[in-house]
Amino acid sequence: MTLTIAVTQLKTVPGHIEYNKKRILAAITQAKQSNADIILLPELTISGYGAGDYLLKPKFIDDAREALYEIAHHSTDIVAIVGFPERDHHSLYSSAAIVKNGQILGIHRKGTLPSTELVMENYYISPGDKPTTFTIKGKTIGIAISEDFLDPNRLPKCDALLLMSAFHWSNRRHLTNRNAFQTTAKTIQTPIIISNALTSCDQFIFSGYAMVINDRGEQVGGGKRFNEGHVLFDIGTINKLPPLEVQEHLDATLYRALMFGLQEMLNYVPEDKVTLYIGKCLESHLLLTLAVDALGADKVYPVHFTTADDLPSDLKNIRTLCKRLNVRLYEYDINKDHLRNALMSKRKDASIDPPINWAEESVDRYKKGLLLAFSDLHNAIVLGPINKTQIKLKLKGHGMTAAGHYMPFIDLYRTDILRLADYRDLEGKLLNKEVMAGAKSEIFRHPNVCDGAELSFKEVDQILFRYLDRRETEEYIAQFDHDLELVTRIAKQIDLNNLYNRYRLPGPYFTTKALSKSWHDLHRKYTGALADPIE
């Protein structure tokens, strides 16, 4: 006897119950058409994961409950596992409802709550205290929600464990989730079936990666990140399926994540278009390409301010890229601007230490003002190409770098951007070869870091990654062919900018403690170890 489960990858919007309900009803209809016996949906499907202070509003919780009743009545001849916020007296829970034929057959409450710098669920949610199972076609099915799976002692004895989750996607370390699922499945000797959220909230994105792990800890199936739909499996044959050879291209997944982040961003703002300043740097060229790929050429408005510093080849490269992308370029000759010329007539003020070049500072601010005015005129959001290397070391980049309402590269090092440019331009027919070569050969110079030497961005980014993302000590980093004095100077420069770095700039965050130390410690507590598959 087959027992078929549809594992969904469903796009939800935090706080938008009506939208989410319609998506859930459509997913259930599709699963019934596929003759599924069970449909598994992600955590807090009805409210959308990351609804935040909406969860504090009684009417919002009541509306979520009403939506659950409607979903239950729609679930004829199929068991739906639906995530929703449940209020019981004075406590609120992240719960999974087991519904069929208009009835709520059971409810599981999330028992293990994350409490990290990124996720403060315990501010809204109370922990549950009981494992949950139900029986269908002679099989005992267990229910768990997100971090529940980290503690095998809390998991029920069952033939298969259904895990609804909301783990956000993380650059470099995004495979760690899979490794943890495999460890737990092997520990409890039970297959685990995972449906993960596909959404965005608080500058983090969720990839919606459905996954099936057998009782030996081997992945035997899964979906595709950042795609909607569902995958079907027969629960009775999961342990007989051969292991899946997972070959995930990190740069391809990261590029899809950036596209998804851009598309999601426009869902949360009144503007329906984007604009950006395109100069001679590779970052702005890649950002324009990314925006067109994600949103379409009709929603992207690139701007270039022509100055005396522009070489004829710079403008030619910009125009060629816009032509290849089939997007209109807006040009403004700032050399003929009288206000700009008046600002340039000011001199450097040597009475201040360090001296401030008022002309340069004023013109930079003026160009930013022009870009913002252009964005208001076209009802557009300004995209900025600033990257993590620039932010953490407070590098002075192009004057327009920080002029952005949204910055897709905010959590990517400069070498990440070079890799993405190579990935996007595999055939070498889009991005200009001169621009690419110039970016790859650019030398890192910083008076407080280089001490007169010239460094490669690759070495600097390697040190930043180890110091910031892996939290390694300066002495430990120096063991990997890095000069200890250089590592110390970089760490000191980061610490000097610590106050500046506390302010989170608008953009998607991928690397910052996506799976924090506390998350790792919790898993080690119960399973003994957690491998880290990515260098």
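Everything below is about the structure printed above this text.
The text that follows walks through the structure, step by step, so that each part is easy to find.

## Regarding empty space enclosed by the protein
- One pass over the full model with this rule turns up four cavities of 30 Å³ or more.
- The space that makes up the second largest cavity amounts to roughly 70 Å³.
- Together, 14 residues line the second largest cavity, and His108, Lys130, Pro131, Asp148 and Arg154 are the ones closest to its centre.
- Within the residue set of the lining of the second largest cavity, elements represented by two or more residues are strand E5 (103-109) and strand E7 (139-145).
- Residues belonging to the lining of the second largest cavity are distributed by class as follows: five nonpolar, four polar and five charged.

## Comments concerning the side chain of Ser195
- Here Ser195 lies in strand E9 (residues 192-196).
- Leave out the neighbours within four places in its chain, and Ser195 touches Val7, Thr8, Leu40, Leu41, Pro42, Leu163, Met164 and Ser165.

## Focus: the nonpolar core
- Within the largest apolar cluster, 47 residues are counted, with the highest numbers of intra-cluster contacts made by Val274, Leu288 and Leu383.
- Of all elements in the fold, only helix H4 (250-265), strand E15 (273-277), helix H5 (282-295), helix H6 (312-325), strand E20 (380-383), helix H10 (414-424) and helix H11 (433-441) reach the threshold of two or more residues within this core.
- Ranked by residue count, the leading element in this core is H5, at nine residues.
- Those residues in contact with Val274 that lie beyond four places of it in its chain are Met265, Leu266, Ala291, Leu295, Lys299, Val300, Tyr301, Ala380, Ile381 and Leu383.
- Counting residues in hydrophobic clusters, the runner-up holds 30 residues, among them Leu10, Leu41, Ala97 and Val99.

## A word on the side chain of Asp251
- Checked against the element boundaries, Asp251 lands in helix H4.
- Taking relative accessible area as the criterion, Asp251 reaches 12% and is therefore assigned buried.
- Excluding anything up to four places from it in sequence, Asp251 contacts Arg419, Leu420 and Tyr423.

## Considering the environment of Gly236
- Locating Gly236 in the fold gives a position in the loop between strand E14 (229-234) and H4.
- Overall, the relative accessible area of 36% leaves Gly236 in the partly exposed class.
- With 232 residues separating them along the chain, Gly236 and Thr4 place their C-alpha atoms 8.4 Å apart.

## Section: the packing of H4 against H10
- Remark: H4 packs on H10, axes separated minimally by 10 Å, with the N-to-C direction vectors making an angle of 95°. On the basis of the axis angle, H4 is roughly perpendicular to H10. Here Leu250, Asp251, Ala252, Leu254, Tyr255 and Leu258 of H4 come into contact with H10, specifically with Arg419, Leu420, Tyr423 and Arg424.

## Quick notes on the sheet that holds E5
- One open sheet accounts for six strands, arranged E5-E4-E3-E2-E1-E14; its pairing is mixed. Edge strands, defined here as strands with exactly one partner in the open sheet, are E5 and E14. Sheet twist, expressed as the average angle between the axes of neighbouring strands with direction ignored, equals 35°.
- Note that strand E4 (residues 91-100) and E5 share six bridges and pair antiparallel. Following the sheet pairing, Ser95 is matched in E5 by Arg109.
- Where helix H1 (residues 17-33) meets the sheet, it contacts strand E1 (4-9), strand E2 (38-40), strand E3 (79-88) and E14, and its direction lies at approximately 140° from that of E2.
- Most of the contacts of helix H2 (residues 58-74) go to E3, to which it runs at about 155°, and overall it touches E3, E4 and E5.

## Overview of the pattern of salt bridges
- Following the criterion strictly, the structure yields 25 salt bridges and no others.
- For Lys59, the salt bridge goes to Asp63, with nearest N and O atoms at 3.0 Å. With Lys59 and Asp63 both in helix H2 and four residues apart, the pair spans about one turn of that helix.
- Of the residues examined, Asp63 reaches a relative accessible area of 31% and is grouped as partly exposed.
- Between Glu218 and Arg216 there is a salt bridge, with its nearest N and O atoms 3.2 Å apart.
- Counted as one network, the salt bridges with shared partners bring together Glu18, Lys21 and Glu70.

## Here's the deal with H11
- Along H11, the residues classified as buried are Val435, Met436 and Ala439. Projection of H11 onto a plane perpendicular to its axis shows the buried side chains occupying an angular sector of 100°, all on one side.
- Residues of H11 that are buried sit in contact with H5, H6 and H10.

## Regarding the sheet that holds E7
- Judged by pairing direction, the sheet is mixed, and its six strands sit side by side in the order E6-E7-E8-E9-E12-E13 without closing on themselves. Looking at strand neighbours, the two that pair on one side only are strand E6 (132-136) and strand E13 (219-222), the edges of this open sheet. The average angle at which neighbouring strand axes cross in this sheet is 20°, direction not considered.

Definitions and limits used
Residues numbered from 1 in each chain as written. Predicted model: local features only at pLDDT ≥ 70, side-chain atom pairs only at ≥ 80, totals over all residues. Heavy atoms only, no water. 1 Å grid on protein atoms, 1.4 Å probe; cavity = no way out; pocket = protein on both sides within 12 Å on 5 of 7 lines; lining within 4 Å. Points joined across faces, edges and corners; volume = space filled by probe spheres on them. Helix = DSSP H or I, 4+ residues; strand = E, 2+ residues; numbered from the N terminus. Nonpolar A, V, L, I, M, F, W, Y, C, P; charged D, E, K, R; others polar. Contact = heavy atoms within 4.5 Å. Core = buried A, V, L, I, M, F, W, Y, C linked by side-chain atoms within 4.5 Å. Buried < 20%, exposed > 50% of the residue type's maximum accessible area, 1.4 Å probe, protein only. Axes fitted to C-alpha atoms, helices over the stretch in contact; angles between N-to-C directions. Parallel < 35°, antiparallel > 145°, perpendicular 65-115°, else oblique. Pairing = 2+ DSSP bridges. Salt bridge = Lys/Arg side-chain N within 4 Å of Asp/Glu carboxyl O. Arc of directions from axis to C-beta.

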